[in-house]
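# Topology and contacts: notes
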Amino acid sequence: MASEQRQKLTIKNQYMFNRVMTDEDICIKTLERILNKKIESLEYKNAEQAFEPLAHTKGVRLDLFAKGENKVYDIELQIQPRKDIAKRYRYYQAAIDTASLDKGDEYLSLPVSYIIFICDHDPFKQGLPIYTIKRKCIEDASIDIKDDSHWLALNCKAYNKTKDAKLASFMEYISNGKINPKDDLVLSMAKAVDRANEKREWVDKVFSVSTIEEDIRREAKWAAEDAVRAEMQEVLAEAVKDARK
């Protein structure tokens, strides 16, 4: 029985989340709940969509990429905290925009885009349940830039701080797996998770891939880089001091 429990994936697993979100009905309802707007249909959706703008540049692999009528959606599940989330927004936007235009297309042809990070932590450490990020004019914040790009981050740990009961129910399910029996979307997601867990070969393959080790290595790399920068600053400060003697 213990072995069976170890082999069950939850919605917080990256591969499970991506698999569930490829269900068009679930994907549409998730987007509608987060964006609070009606979405008629999706023309295309793909888990782990790869974008490689140029052969020599860093590629991007999006968790769930979907297209609607002149709209594109990128949904990212982020369980572990990351220091690079702001730069990821920037790079993902660039990759999506580059892939959206063919040679000779007008910039006005760029689709409306939404990049959504669903986090099980507070990505910007300000205690908000939702962060909506837009470009603005520093000198006059009332100016509407109208670049049609939209960046959102959900802090699912703070689900009880949002006034939208349906969104709170979705965020709570992502964060701790609680299933609201009155929430059709959450029930659909939970059933999709159960069905996927019955695919034993797929589940075993997922468990063979360790993303936790990747996160540990990444954090170690950042810590080492911070240490090197701090050491360089000390060396520079000593050099300046010696030069002034």
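Attention in this report is confined to the structure presented alongside it. In this text, all values refer to a predicted model and were calculated from it rather than measured experimentally. All chains use their own residue numbering, which begins from 1 and follows the written sequence. Only residues with pLDDT of at least 70 get local features here, since the model is predicted, and only at 80 or more are side-chain atom pairs given and counted; chain-wide, interface and lining totals rely on the full set of residues. By convention in this description, side-chain values take in all heavy atoms of the structure and omit both hydrogens and water.

## A few points about the pattern of salt bridges
For this analysis, a salt bridge means a side-chain nitrogen from Lys or Arg found within 4 Å of a carboxyl oxygen belonging to Asp or Glu. By the definition in use, this model includes 11 salt bridges. With its nearest N and O atoms 3.3 Å apart, the salt bridge here joins Lys29 to Asp25. Within this pair, Lys29 and its partner Asp25 are both found in helix H3 (residues 24–35), separated by 4 residues, close to a single helical turn. Between Lys38 and Glu32 there is a salt bridge, with the nearest N and O atoms lying 3.8 Å from each other. The class for Lys38 is exposed, based on a relative accessible area of 62%. Strands here mean DSSP runs of E at least two residues long; helices mean DSSP runs of H or I at least four residues long; both are numbered from the N terminus. The buried label applies to any residue whose accessible area, calculated with a 1.4 Å probe on protein chains only, is under 20% of its type's maximum; exposed applies above 50%, and partly exposed to all values in between.

## With respect to the environment of Glu172
As for its position among the elements, Glu172 is in helix H5 (residues 165–176). On the accessibility criterion, Glu172 (16% relative accessible area) is buried. Separated by 52 residues in the primary sequence, Glu172 and Asp120 place their C-alpha atoms 9.5 Å from one another. Apart from residues lying up to four places away in sequence, Glu172 is in contact with Tyr159, Gly177 and Lys178. A contact between two residues is defined here by any heavy atoms of the two lying within 4.5 Å.

## What to know about the packing of H3 against H5
Only the stretch in contact is used when a helix axis is fitted, and all axes are lines through C-alpha atoms; the angle between N-to-C directions ranges over 0 to 180 degrees. Closest axis-to-axis distance for the H3/H5 pair is 9 Å, and the angle between their directions is 125 degrees. By the criterion of interaxial angle, the relationship of H3 to H5 is oblique. As H3 runs across H5, the sense of the crossing is left-handed. Together, Thr30, Arg33 and Ile34 of H3 and Lys166, Leu167 and Phe170 of H5 make up the contact between the two elements. As a working rule, the residues Ala, Val, Leu, Ile, Met, Phe, Trp, Tyr, Cys and Pro are called nonpolar, Asp, Glu, Lys and Arg charged, and the rest polar, with Gly in that last group. Per-class residue counts for the contact of H3 with H5 are 3 nonpolar, 1 polar and 2 charged. Any angle that is under 35 degrees is reported as roughly parallel, and any over 145 degrees as roughly antiparallel; angles of 65 to 115 degrees are reported as roughly perpendicular and all others as oblique. In this scheme, a crossing is called left-handed if the near helix is turned counterclockwise away from the far one by less than a right angle; it is called right-handed if the turn is clockwise.

## A word on the packing of aromatic side chains
In this analysis, rings of Phe, Tyr and Trp, with Trp reduced to its six-membered ring, are considered paired at centre separations within 6.5 Å, and the interplanar angle assigns stacked below 30 degrees, edge-to-face beyond 60, and tilted for intermediate values. Inspection of the entire model under this criterion finds 5 aromatic pairs. Here Tyr89 and Trp151 contribute two aromatic rings whose centre-to-centre distance is 5.1 Å and whose plane-to-plane angle is 10 degrees, an arrangement assigned as stacked. Of the two residues, Tyr89 is situated in helix H4 (residues 85–100) and Trp151 in strand E6 (residues 149–155); the sequence distance between them amounts to 62 residues. We note that Tyr89, like Trp151, is buried. Three or more aromatic residues joined by ring pairs make a cluster, and in this case those are Tyr89, Tyr92, Phe117 and Trp151. For the cation-ring pair, Arg19 lies above Trp202, with the distance from its terminal atom to the ring centre recorded as 4.5 Å. For a lysine, the NZ atom is tested; for an arginine, the CZ atom; a charge sits over a ring if that atom is within 6 Å of the ring centre and within 35 degrees of the ring normal. The side chain of Lys67 reaches across the aromatic face of Tyr44, ending 5.8 Å from its centre.

## Some points on the nonpolar core
Formed by 40 residues in total, the largest nonpolar core has its most connected members in Ile34, Ile118, Phe170, Ile174 and Met189. It is helix H6 (residues 184–197) that contributes the most residues to this core, 7 residues altogether. Think of a nonpolar core as a cluster: buried Ala, Val, Leu, Ile, Met, Phe, Trp, Tyr and Cys residues, connected wherever their side-chain atoms sit within 4.5 Å. Formed by 15 residues, the second largest nonpolar core is a distinct cluster that contains Phe65, Ile85, Tyr89 and Ala95.

## Concerning the state of the cysteines
Pairs of cysteine sulfur atoms within 2.5 Å are what we label disulfides. Within the structure shown, the criterion is met by 0 disulfides. Among the cysteines around Cys119, which has no disulfide bond, Cys156 carries the closest sulfur, lying 7.4 Å off.

## Considerations on the packing of helix H2 (residues 14–21) against H6
Two elements in contact, H2 and H6, have axes whose closest approach is 10 Å; the angle formed by their N-to-C orientations is 115 degrees. Of the two possible hands of crossing, H2 and H6 adopt the one that is right-handed. Taking contact as the criterion, the partners of Met16, Arg19, Val20 and Met21 in H2 are, on H6, Met189, Ala192, Val193, Ala196 and Asn197. For the contact of H2 with H6, the class distribution of residues is 7 nonpolar, 1 polar and 1 charged.

## A few points about H6
A helix is expected to span 1.5 Å for every residue after the first. Between the first and last C-alpha of H6 there are 20 Å, a value that for 14 residues agrees with the 20 Å anticipated at 1.5 Å per step. For H6, the full list of buried residues reads Leu185, Val186, Met189, Ala190, Ala192, Val193, Ala196 and Asn197. The buried residues of H6 occupy an angular sector of 160 degrees when projected down its axis, which confines them to one face. The exposed set on the far side of H6, more than 90 degrees from its buried face, consists of Asp184 and Lys191. Along its buried surface, H6 packs onto H2, H3, H5 and helix H7 (200–207). Polar contact is defined as a pair of N or O atoms within 3.5 Å, subject to the rule that within protein one atom must be able to donate a hydrogen and the other to accept it, and that residues adjacent in sequence are counted only when both atoms are side-chain atoms. Capping the start of H6 is the job of one residue whose side-chain oxygen sits 3.0 Å from the backbone nitrogen of Leu185: Asp183. Within this analysis, the arc is defined by the directions that extend from the helix axis to the C-beta atoms.

Nothing here speaks to function; it is geometry throughout.
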